[in-house]
Amino acid sequence: MAKESFDKEIQFIRMLVLTSGAFSRQQFAERLGISVHTFDKTLRRLKEVVSSMQQQIPQEQSKEFAEALRFRYYDSTDPLLLFLFRAKSVKESESQRLSLLLSALNEQALTAMELLDHCCGCLPSDLSLPDEKTIRSDLKYLEEVGVIKKEPGARPYRYRIQDDLVRSLTEDELLDLYDFVDVMATTQVPSVQGYLLRDGLKKQLIRGHVDPHAIETFLYKYHYYSRILDEAHLFTLLNAIRRRCKIRFLYFSPKIEKSYASKNTNPLFERETDGKMQKTLPLKIVYDHQYGRWYLLSYGREGIRKYRMEGITQIDEEESVDEALFEARQNALVEKMRYSWLIDTGRPVTVRARFFNPEGSEPNFVRERVLLQGQWGEIVQEDEHSFVYVITVNGTTEIKPWLRSFGSSCEILEPVQFRREMIAEWKEIQAAYESV
């Protein structure tokens, strides 16, 4: 799928998840900056991808696309939005061709010419037939990513599926591996590669006729839909950082209502968009685990800039910069963020907070959590009832949710203005719980 189309579907699904499908077709189209016709076409495309991924599900258990996103959260541990990455990875013709190659190699080792004959005989009539060069290119790609391998011997080479690992494991070992990957993919970032590996292991277990209830052993959920969607841009941006390349993209700030705009490819139908075209040098990617958000930190015409990844669309790589310039920009960012709790680059302030020890609790989970999560802050004063924690940070906006999460176990001492802000917030919360 084209990059633009993928951007559209990311924003489409993000809005569907956040609004639980409450918008009408017209409202969806207006918020996305597309026509109702494009909305319908996008929805049809997504339904096709979902149905192709869920062919193993009995027909009576299948659901409408919107219903699946709204109500499927506790039906299964599979992150439904993962299908977007499958849809993006290859074109439709490549998807058909690679599927045929892998299904043929799953049964026996074959040569390139035997695989060419197999593809030409099995591809739908509406798709163009591949030539020998195309098949050899596909085999080279599959070999590079570790899906297939050449068998030893003389030419013509025979290829087979690279599944030595799963075939060498017992059923119990496969289940243990699946459980480990399941936990790590669901709790770590980035997550998409782990989900893809998890999906492959699951299919292998199903092929081995393992009881489905033995596979779905965990009922926890840690799916940040936005986090998974934003990983579509993660490796594109990391690659640009590695190559020291500037990037250009259309950016939609979280402060504006619209989150997408179609490309103006026809000069007769050009229209204004709410997004702004940005050109910048990417320097660092930061993940905020508290809100499940990815951020891009970069250097542009106005100096250091911060972008929420969910607002980035239509990314294109531009020219590369000199290594010395890139290093200078990175050093400037490191200096600017020396006291950033997350990505704040404001003026440094010193925060003093008193934490109260839980009564009769061993171990002291409040102190342990402060030591674990408090970054470079220090405990400067302590007695049997409480301790004082001090940290210098760039502003108080980003550290506030962390301090607030301790509830009555934390009291802000300094700065005074910050203490007043917290008092006002707690009074507002108290008022919400007063008797009517």
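Structural data are supplied above this passage.
On a predicted model such as this, the values are computed, not experimentally measured, just so you know.

**Student:** In this structure, what is going on with the sheet that holds strand S1 (residues 110-111)? I would like to understand it.
**Tutor:** The strands making up a sheet associate through backbone hydrogen bonding, with each pair oriented either parallel or antiparallel. Taken together, three strands build an open sheet; the order of strands is S1-S3-S2 and the sheet is antiparallel. Since the sheet does not close on itself, it has two edges, and those belong to S1 and strand S2 (148-150), each with one partner.

**Student:** How do you make sense of the packing of aromatic side chains when you look at a structure like this?
**Tutor:** Two numbers describe a pair of aromatic rings. These are the distance of the centres and the angle of the planes. As enumerated under the stated definition, the model contains 15 aromatic pairs in all. Both rings, one in Phe-12 and one in Phe-28, keep their centres 5.8 Å apart while their planes meet at 20°; by these two values the pair is stacked. On the criterion of sequence distance, the pair formed by Phe-12 in helix H1 (residues 3-19) and Phe-28 in helix H2 (residues 25-32) is long-range, its members being 16 residues apart. The exposure classification of Phe-12 matches that of Phe-28, with both residues buried. An angle of 75° between the planes, with centres 4.9 Å apart, marks the rings of Phe-355 and Phe-406 as edge-to-face. Linking Phe-355 in strand S9 (residues 348-356) with Phe-406 in the loop between helix H16 (400-404) and strand S12 (410-414), this pair joins segments that are 51 residues apart in sequence. Put simply, the rings of Trp-341, Phe-355, Phe-387, Tyr-389, Trp-402 and Phe-406 pair up and form one aromatic cluster. Its end group placed over the ring of Tyr-291, Arg-293 keeps NZ or CZ at 4.8 Å from the ring centre.

**Student:** Please clarify how the nonpolar core should be interpreted in this entry.
**Tutor:** As a rule of thumb, nonpolar side chains are buried together in soluble globular proteins. With 27 residues, the main nonpolar core has Phe-249, Ile-285, Leu-296 and Ile-312 as its most contacted residues. Listed by contribution, the elements that provide at least two residues to this core are helix H13 (225-242), strand S4 (245-251), strand S5 (276-288), strand S6 (293-300), strand S8 (312-320) and helix H14 (323-336). Here the element with the most residues in this core is S5; it accounts for five residues. Once you skip the residues sitting within four places of it in the chain, Ile-285 turns out to touch Leu-234, Leu-237, Leu-238, Ile-241, Trp-294, Tyr-295, Leu-296 and Met-309. Membership of the second largest hydrophobic core comes to 18 residues, among which are Ala-353, Phe-387, Tyr-389 and Phe-418.

**Student:** Which parts of the structure should I look at to understand the layout of surface pockets?
**Tutor:** Once rolled over the atoms, a probe with the size of a water molecule shows which space is left empty. In this structure, the second largest pocket encloses a volume near 750 Å³. If you list the elements that add at least two residues to the lining of the second largest pocket, you get S5, S6, strand S7 (303-308), helix H15 (365-373) and H16. Among the residues making up the lining of the second largest pocket, the classes are represented as eleven nonpolar, six polar and nine charged.

The rules behind the values
Residues numbered from 1 in each chain as written. Predicted model: local features only at pLDDT ≥ 70, side-chain atom pairs only at ≥ 80, totals over all residues. Heavy atoms only, no water. Pairing = 2+ DSSP bridges. Helix = DSSP H or I, 4+ residues; strand = E, 2+ residues; numbered from the N terminus. Phe/Tyr/Trp six-rings, centres within 6.5 Å; stacked < 30°, edge-to-face > 60°. Buried < 20%, exposed > 50% of the residue type's maximum accessible area, 1.4 Å probe, protein only. Lys NZ or Arg CZ within 6 Å of the ring centre and 35° of its normal. Core = buried A, V, L, I, M, F, W, Y, C linked by side-chain atoms within 4.5 Å. Contact = heavy atoms within 4.5 Å. 1 Å grid on protein atoms, 1.4 Å probe; cavity = no way out; pocket = protein on both sides within 12 Å on 5 of 7 lines; lining within 4 Å. Points joined across faces, edges and corners; volume = space filled by probe spheres on them. Nonpolar A, V, L, I, M, F, W, Y, C, P; charged D, E, K, R; others polar.

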